[in-house]
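Below, each chain spelled out in residue letters.
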Amino acid sequence: MTHTPETLCHALLDAARKAGADSADAMAAEGSSLSIEVRDGTLEHAERSEGVDIGLRVFVGQRQAQVSSSDTRAETLTAMAERAVAMAKEAPEDPYAGLADADQLAQNWDLAALQMADPSAEPAPDQLQQDALAAEAACAAIEGITQVQSAAAGYGRHDIHMAASNGFSGGYARTSRSISCVGIAGTGTGMERDYDGDTRTYQSDLRSADEIGHTAGTRAIERLNARRPKTGAYPVLFDERISSSLIGHLLGAANGAAVARGSSWLKDRLGAQILPETLSVIEDPFRPRVSGSRPFDGEGLPTQKRAIVENGVLTGWTMDLASARKLGLHSTGNAARGIGSVPSPSNWNIALTEGDKTRADLLRDMGTGLLVTSMIGSTINPNTGDYSRGASGFWVENGEIQYPVNEVTIAGNLLDMLKTLVPANDARGHLSRVVPSLLVEGMTLAGE
């Protein structure tokens, strides 16, 4: 008998009941992926993977355990359930563990409106190889490019189903199609590299391989002859390519699990002004063809469009059932989980209010300062929000880019940084995190 993710979930729940679990939930995913890499005009690496993974979480009283496997034989399902129940009986009690109540569960969702899976045929390996070759050729054609480090194309499809003993049962399919390229310019210690890439749910939305390769090469050339800027306090413009990391730090601090642990620099800021009053952070899990969209979360609760920050004010935490119970609140429908992991809070699609100025306008307004296009490393104090990261990008004087810079550390405090944000209008609307370039005043730069 051929199992589907749905039938596997219900078989696991049946096995858990027979093994003595008080309640349980199960997750199954069937997926395939294909990736092609080329180098110097020839195939470098091709990989295809297919498989089914299953996970089971059981509850015995207030004790829980999680097990997973890629073996779907009937005897394996039975053994998984028996092992999970035995593990749960030895686990410590967790007063906040447990499934959702039946009246909390998602119902009557509209998968078609979300367009999470491309109905067109899976691309042939030759088509992916041609995309990778085209990106490589476009990058190599840029004068000054000495090597194309990698050019790749890929496709994946995953069918996911979840079911629980509280009556929930639901699933969906998700597809992705990607092209990426990394170019290297210069030689020896003067080598610089940069990249470009695109990933979409629908193949027809993907940017052209030629454009991706050309952009990767152009960016690498622009980084040649980088130097260290002078140490001092300057405004910093976070390019749209990496600006979402700033909002990511905010989201991490507004995560209910961190707040419940007391390890969040926002834990005492609910209802307080943390961004300029013109800015809001909106979560929307219903955007069509976007990777973060979903009709229900990892515990079967309905997802919802909500404001995390509204007019600059922090309005709520991001919570799953357990973190909400710890905080005496209600889940926001943000439980994420993997096959082998218990749920934890996570965000879906996020958008920060855009401004009315271009990136060039913000460069002009900043006068002298740093435009950051890439970052490495990260030292963020979760309790205070103290921020320090390695960065590279371009030095700006009189509102114009002067030369590339690297080996600089930028530092500040996130509470202070977020209050001064000035957004541009250059966010890419197809991304799961729609965040424009962001200007931050008065950061400390450690260079020469």
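This write-up is about the structure you can find in this document. Here, residues in each chain are numbered from 1, in the same order as that chain's written sequence. In keeping with the model being predicted, local features are shown solely for residues with a pLDDT of at least 70 and side-chain atom pairs are shown and tallied solely at 80 or more, while totals for entire chains, interfaces and linings include all residues. Water and hydrogen atoms play no part in the side-chain values, which are based on all heavy atoms of the structure.

### Some remarks on unusual backbone geometry
Phi angles above zero are rare outside glycine, and R289 is one such case at about 60 degrees. On the accessibility criterion, R289 (30% relative accessible area) is partly exposed. To sort residues, take the accessible area from a 1.4 Å probe on protein chains only and compare it with the maximum for the residue type: under 20% means buried, over 50% means exposed, and anything in between is partly exposed.

### Observations concerning the sheet that holds strand β2 (residues 42–60)
Ordered by their spatial adjacency, 6 strands build an open sheet running β3-β2-β1-β4-β5-β6, and the pairing between neighbours is antiparallel. The strands lining the two open edges of the sheet, one partner per strand, are β3 (63–69) and β6 (192–200). Strand-to-strand, the axes of this sheet are offset by a mean angle of 20 degrees, without reference to chain direction. Here 7 bridges tie β2 to β3, and the two strands are oriented antiparallel to one another. Looking across to β3, one finds that V60 is bridged to R63. Between two residues, a contact is recorded if the distance between any of their heavy atoms is within 4.5 Å. Here an axis means a line fitted to C-alpha atoms, over the contact stretch when the element is a helix, while the angle between two N-to-C directions is reported on a 0 to 180 degree scale. A run of H or I in DSSP becomes a helix once it reaches four residues, and a run of E becomes a strand once it reaches two; helices and strands are each numbered from the N terminus. In the packing of helix α2 (residues 74–90) onto the sheet, the strands contacted are β2 and β3, and the crossing angle to β3 comes to about 150 degrees. Running at roughly 155 degrees to β6, helix α5 (residues 209–222) makes contact with β4 (145–164), β5 (169–185) and β6 of the sheet. Whether two strands pair comes down to DSSP finding at least two bridges between them.

### A look at the pattern of salt bridges
We count a salt bridge whenever a side-chain nitrogen from Lys or Arg sits within 4 Å of a carboxyl oxygen from Asp or Glu. By the definition in use, this model includes 25 salt bridges. A salt bridge links E93 to R63; its shortest N-O distance comes to 3.7 Å. Taken as a pair, E93 in the loop between α2 and α3 (111–114) and R63 in strand β3 lie far apart in primary sequence, 30 residues in all. Classification of E93 as exposed rests on a relative accessible area of 55%. When its relative accessible area of 27% is taken as the criterion, R63 is described as partly exposed. A salt bridge links D205 to R289; the shortest N-O distance between them is 3.1 Å.

### Describing helix α4 (residues 125–140)
Over its 16 residues, α4 runs 22 Å from end to end, which matches the ideal 22 Å to within 8%, given 1.5 Å per residue. Regarding α4, the residues found buried are L128, Q129, D131, A132, L133, A135, E136, A138 and C139. On its buried side, α4 packs onto β1 (23–39), β2, β4, β5 and α5. How far a helix is expected to stretch is found by multiplying one less than its residue total by 1.5 Å.

### Side note on empty space enclosed by the protein
Gaps left between atoms are located by rolling a probe of water-molecule size over the structure's atoms. A cavity, in this analysis, means grid points on a 1 Å lattice covering only the protein atoms where a 1.4 Å probe fits yet has no way out; a pocket is instead an open set bounded by protein on both sides within 12 Å along at least five of seven lines, and a residue lines either one if it has an atom within 4 Å of a point. Grid points are joined across faces, edges and corners, and a volume is the space filled by probe spheres set on the points. Inspection of the entire model under this criterion finds 2 cavities of 30 Å³ or more. In this structure, the largest cavity occupies an estimated 90 Å³ of space. Along its surface, the largest cavity is lined by 16 residues, and D25, A164, G298, E299 and R337 are the ones closest to its centre. Sorting the residues of the lining of the largest cavity by element identifies β1 and β4 as the ones contributing at least two each. Take the lining of the largest cavity: its biggest share by element is 3 residues, from β4. In terms of lining, the second largest cavity is formed by E192, R223, A226, S392, G393, P404, V405 and N406. Taken together, the elements giving at least two residues each to the lining of the second largest cavity come down to β15 (386–397) and β16 (400–413). Grouping the amino acids of the lining of the second largest cavity by side-chain chemistry returns 3 nonpolar, 3 polar and 2 charged. As a working rule, the residues Ala, Val, Leu, Ile, Met, Phe, Trp, Tyr, Cys and Pro are called nonpolar, Asp, Glu, Lys and Arg charged, and the rest polar, with Gly in that last group.

### Let's talk about the packing of α4 against α5
The interhelical angle for the contact between α4 and α5, taken along N-to-C directions, is 35 degrees, at an axis separation of 7 Å. In this structure, the crossing between α4 and α5 has a hand that is right-handed. Facing D131, A134, A135, A138 and C139 of α4, the residues of α5 in contact are A209, D210, G213, H214, A216 and G217. Two helices crossing with the near one rotated counterclockwise from the far one by less than a right angle form a left-handed crossing, whereas a clockwise rotation gives a right-handed crossing.

### What to know about the sheet that holds strand β10 (residues 313–314)
Ordered in space as β10-β9-β8-β13-β18, the 5 strands form an open sheet in which the pairing is mixed. Each having just a single partner strand, β10 and β18 (433–434) make up the two edges of the open sheet. Here strand β9 (residues 306–310) runs beside β10; their pairing, made up of 2 bridges, is antiparallel. Residue pairing across strands places E310 opposite V313, the latter belonging to β10.

So, to be careful, I would describe these as geometric facts and stop short of saying anything about function.
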